[in-house]
Protein chains: 2
Amino acid sequence: MAAGNDHQDIKREKILEASYQRFLHYGYSKTTMNEIAGDLSMSKALLYYYFPDKSQLYIAVMRKIAIDYTNGLEDKTDTFTSLKEAFVFQINTNHDFIVNNYNFFDFFRLNEQNLPDMIWEIVDQVHLAELNLLSNALKAEIEGGTIKPVTNPEELITLLLDALQGIRDGSVSQKKVSFPRKEHLEGIHTKKLLLIDIFIKGLM
Amino acid sequence: MAAGNDHQDIKREKILEASYQRFLHYGYSKTTMNEIAGDLSMSKALLYYYFPDKSQLYIAVMRKIAIDYTNGLEDKTDTFTSLKEAFVFQINTNHDFIVNNYNFFDFFRLNEQNLPDMIWEIVDQVHLAELNLLSNALKAEIEGGTIKPVTNPEELITLLLDALQGIRDGSVSQKKVSFPRKEHLEGIHTKKLLLIDIFIKGLM
DNA sequence: TTCCTGACTTTTTTAACAAAACTATCAAAA
DNA sequence: TTTTGATAGTTTTGTTAAAAAAGTCAGGAA
């Protein structure tokens with residue numbers, strides 16, 4: 001029984017890995033179940049034995065990389081000596097995450113694929129992990145006395161994260177797409193670090 | 001000659017006004033040249049006598065309301081006693097502008113209409129007017145000594161405007177559209193005012 | 001019983017094309 | 001110079017058929 005589940009889990013992992021590679025290179029819409037099955041030298045029907053449908057498979061892969069990402073954040077929680085340090089870490093980690101998985105998210109087409117709403121739960125979990133990391137660092141600095149007390153630390157961090165998001169979008173205005181091209185990501189990253197400086201000073 | 005041009009200008013104005021009402025209610029794509037002509041009890045062909053094509057007509061209307069907007073900003077330039085006051089004015093004015101012309105801009109569809117690039121020049125002019133108002137106020141405060149000198153005031157204001165933009169987009173995430181629904185605009189407005197407080201303190 | 005497949009059905013995407021709606025033009029009239 | 005009806009040209013919309021992909025299932029192998 002246990003061995004059977006182990007084997008199942010290993011196979012599931014293999015499928016997730018192969019799927020990730022396909023999705024990463026070609027995006028959701030341009031990846032077919034036949035291709036994934038082909039990569040694994042198995043029949044397409046077997047994929048449906050392990051996963052209910054294509055969208056659930058995609059989401060399973062997404063959840064996996066999201067968990068890797070949030071684990072990376074949680075490991076670092078409460079290890080920072082300042083809010084700024086925490087923000088820099090968040091911005092850098094997020095930057096790398098986006099750069100590394102750029103094609104996986106298929107940003108230009110993903111909205112049109114009407115994937116299950118579960119996808120937004122994953123996004124929320126990622127946001128929550130970021131929020132947690134940063135609001136903990138904020139609370140610590142408030143306790144330490146370097147930053148003035150605020151009524152709602154989580155709300156404040158959300159506000160700042162939204163503002164940082166704006167730096168991203170500011171770099172793509174005048175375009176017909178809503179997500180920055182890969183070549184803009186570096187400039188966005190620099191501007192975010194600049195903005196955080198002002199934020200932090202404003203909180204002191 | 002002068003009278004002839006006067007008359008032409010008056011007629012042009014009438015066309016612009018009728019077009020504005022149509023575009024405001026139905027947006028660009030759902031407004032036809034026949035309807036505009038019908039509102040004015042003139043033939044469609046006459047519209048083409050005064051304006052080269054539909055997109056140029058739309059742009060002419062857009063330019064008109066953009067100029068009204070930027071004039072409102074320019075009239076107020078250098079009348080503020082603080083950067084914060086200037087920001088509050090900009091945020092409020094911009095808010096009203098968006099609310100009043102919400103349907104005109106047809107935000108959910110406008111990107112797909114591939115209008116001439118001239119449209120972005122108008123957007124740039126609006127940005128420039130906002131940038132001018134705010135960076136003047138910033139420079140004044142720097143001279144007054146309440147805010148620390150910065151190497152590039154314009155760049156800084158651009159950064160802050162981009163950040164404010166993020167507050168807008170933060171309120172629409174998880175949706176498939178990139179522009180906030182009308183009912184969200186009030187909350188966005190409030191958050192922007194909140195953020196500016198932090199900004200200003202961070203610059204002091 | 002669990003894992004797996006080939007063959008099959010159903011759904012979605014794509015392409016081609018006709019009809020309708022709309023933009024844009026123009027000769028001629030006011 | 002200003003205006004229009006008629007019409008040409010283009011884009012959008014709707015239809016249908018073929019192709020491709022998703023998804024199912026009866027039954028075989030381990």
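Residues numbered from 1 in each chain as written. Chains lettered and ligands numbered in written order. Predicted model: local features only at pLDDT ≥ 70, side-chain atom pairs only at ≥ 80, totals over all residues. Heavy atoms only, no water.

1. Comments concerning the protein's contact with DNA strand D
- Close to DNA strand D lie 16 residues; Gln8, Lys11, Ala45, Tyr49 and Tyr50 of chain B are nearest.
- When the atoms of DNA strand D within 4 Å of the protein are sorted by group, sugar and phosphate make up 58%.
- Within the backbone of Met33 of chain A, an N or O atom sits 3.0 Å from a phosphate oxygen of DNA strand D.
- At a separation of 2.8 Å, a phosphate oxygen of DNA strand D approaches a polar side-chain atom of Tyr50 of chain B.
- Of all the secondary structure elements, the ones that give two or more residues to the surface near DNA strand D are α3 (44-50) of chain A together with α1 (2-26) and α3 (44-50) of chain B.
- In the surface near DNA strand D, the residues fall into eight nonpolar, four polar and four charged. (Near = heavy atom within 4 Å. Polar contact = N/O pair within 3.5 Å; in protein donor to acceptor, adjacent residues only side chain to side chain. Helix = DSSP H or I, 4+ residues; strand = E, 2+ residues; numbered from the N terminus. Nonpolar A, V, L, I, M, F, W, Y, C, P; charged D, E, K, R; others polar.)

2. Here we look at the interface of chain A and chain B
- Every contact between the two is made by 25 residues of chain A and, on the other side, 25 residues of chain B.
- Regarding the contact of chain A and chain B, the summed buried area is about 2,300 Å², with carbon and sulfur atoms giving 66% of it.
- At the junction of chain A with chain B, the criterion picks out zero salt bridges.
- Summed over the shared surface of chain A and chain B, the result is zero residue pairs in polar contact (both at pLDDT 80 or more).
- Among the secondary structure elements, those contributing two or more residues to the side of chain A that touches chain B are α7 (118-144), α8 (153-170) and α9 (185-203) of chain A.
- Examining the composition of the side of chain A that touches chain B, we find that 10 residues originate from one element, α8 of chain A, more than from any other.
- For the side of chain A that touches chain B, a count of residues per class yields 11 nonpolar, seven polar and seven charged. (Contact = heavy atoms within 4.5 Å. Buried area = accessible area lost by both parts, 1.4 Å probe. Salt bridge = Lys/Arg side-chain N within 4 Å of Asp/Glu carboxyl O.)

3. Observations concerning the relation of the copies chain A and chain B
- In screw terms, the move from chain A to chain B is a rotation of 180 degrees and a rise of 0.1 Å along the axis, fitting with an RMSD of 0.1 Å. Both copies of the chain, as the preceding transformation shows, are related through a two-fold rotation axis. (Least-squares fit on C-alpha atoms with pLDDT ≥ 70 in both.)

4. Section: the nonpolar core
- Within the largest apolar cluster, 127 residues are counted, with the highest numbers of intra-cluster contacts made by Tyr58, Phe87, Phe104 and Phe199 of chain A together with Phe87, Phe104 and Phe199 of chain B.
- Aside from chain neighbours lying at most four places away, what touches Phe87 of chain A is Leu134, Ile157, Leu160, Leu161, Leu164, Ile196 and Ile200 of chain A. (Core = buried A, V, L, I, M, F, W, Y, C linked by side-chain atoms within 4.5 Å. Buried < 20%, exposed > 50% of the residue type's maximum accessible area, 1.4 Å probe, protein only.)

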